[in-house]
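Structural description and commentary
The lines below spell out each chain.
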Amino acid sequence: SAVISQKPSRDICQRGTSLTIQCQVDSQVTMMFWYRQQPGQSLTLIATANQGSEATYESGFVIDKFPISRPNLTFSTLTVSNMSPEDSSIYLCSVTGRGNTGELFFGEGSRLTVL
Amino acid sequence: AQSVTQLDSQVPVFEEAPVELRCNYSSSVSVYLFWYVQYPNQGLQLLLKYLSGSTLVKGINGFEAEFNKSQTSFHLRKPSVHISDTAEYFCAVSDMVAGTASKLTFGTGTRLQVTL
């Protein structure tokens, strides 16, 4: 299984600011996924990040609000822009396991509180 | 497209008692099924998975789950729970379309609360 590190692990931010979350994987992976977990909720996929191409966003998520970078096969960033209290969530980075099963491995998550 | 239903949002149970967390899925094709656990202030950890073969799968920490195709269920069980099993449990499914697994779809989660 892959080891996934996220930074920051938690942060408290002011309304209107932006925060960039970093995700580092200990092995090269083709696809990386960013999920949001709002308080008391399940996981919602924000976007899929492929190295060398634009991220693919799910319905309800746009690049202007959640710009993603994927400069190489072991690293990705997610920026939460112009934050509001509704953006208070856990943001999780994940990668697929070996084999074509859809299995995912997750980082510890970044807990974001917007005041 | 697939979907997952976790029928219980919360399950309270006493320590050393058995527990079952229910999960039903909907898909028109073959599926892969997963259970993840999220301990407080942590990310998600894979408990177990069903890919093919035996319908009874065993995972970490004494958990097991049984795939029932006719009832489209994948319920998670443990014969004797411990306080440390207190966590959020998520059922997830991906299905196979044209030989490629789809993205995981997660259920809404079940909060297992173990007390003395």
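The sections below set out a description of the structure shown in this document.

1. A few points about the interface of chain A and chain B
When the parts of a complex come together, some accessible area is lost, and that lost area is often taken as the interface size. Each partner contributes to the interface: chain A provides 20 residues, whereas chain B provides 23 residues. Buried area between chain A and chain B, both sides added, is near 1,600 Å², and the carbon and sulfur share of it is 51%. For the interface between chain A and chain B, the tally reads 1 salt bridge. As a salt-bridge pair, Lys49 of chain B and Glu103 of chain A come within 2.7 Å of each other at their nearest N and O atoms. For the pair chain A and chain B, the number of links is 7 residue pairs in polar contact (both at pLDDT 80 or more).

2. Quick word on the pairing of strand S9 (residues 89-96) of chain A
Every other side chain in a regular strand lies on the same face of the sheet, so the side chains alternate between the two faces. All names here are of chain A. In terms of burial, S9 is a largely internal element, 7 of the 8 residues being buried. Two strands pair when backbone bridges link them, and strand S4 (residues 31-37) and S9 are joined in this way by 6 bridges, in the antiparallel orientation. Bridging from a neighbouring strand, Arg36 pairs with Tyr91 of S9. Pairing of S9 with strand S11 (residues 110-114) involves 3 bridges; the strand directions are antiparallel. Residue Ile90 lies in a different strand from S11, and its bridge partner there is Arg111. Note that S9 and strand S10 (residues 104-106) share 3 bridges and pair antiparallel. Along S10, the bridge assignment pairs Thr96 with Leu104.

Criteria and cut-off values
- Residues numbered from 1 in each chain as written.
- Chains lettered and ligands numbered in written order.
- Predicted model: local features only at pLDDT ≥ 70, side-chain atom pairs only at ≥ 80, totals over all residues.
- Heavy atoms only, no water.
- Contact = heavy atoms within 4.5 Å.
- Buried area = accessible area lost by both parts, 1.4 Å probe.
- Salt bridge = Lys/Arg side-chain N within 4 Å of Asp/Glu carboxyl O.
- Polar contact = N/O pair within 3.5 Å; in protein donor to acceptor, adjacent residues only side chain to side chain.
- Buried < 20%, exposed > 50% of the residue type's maximum accessible area, 1.4 Å probe, protein only.
- Helix = DSSP H or I, 4+ residues; strand = E, 2+ residues; numbered from the N terminus.
- Pairing = 2+ DSSP bridges.

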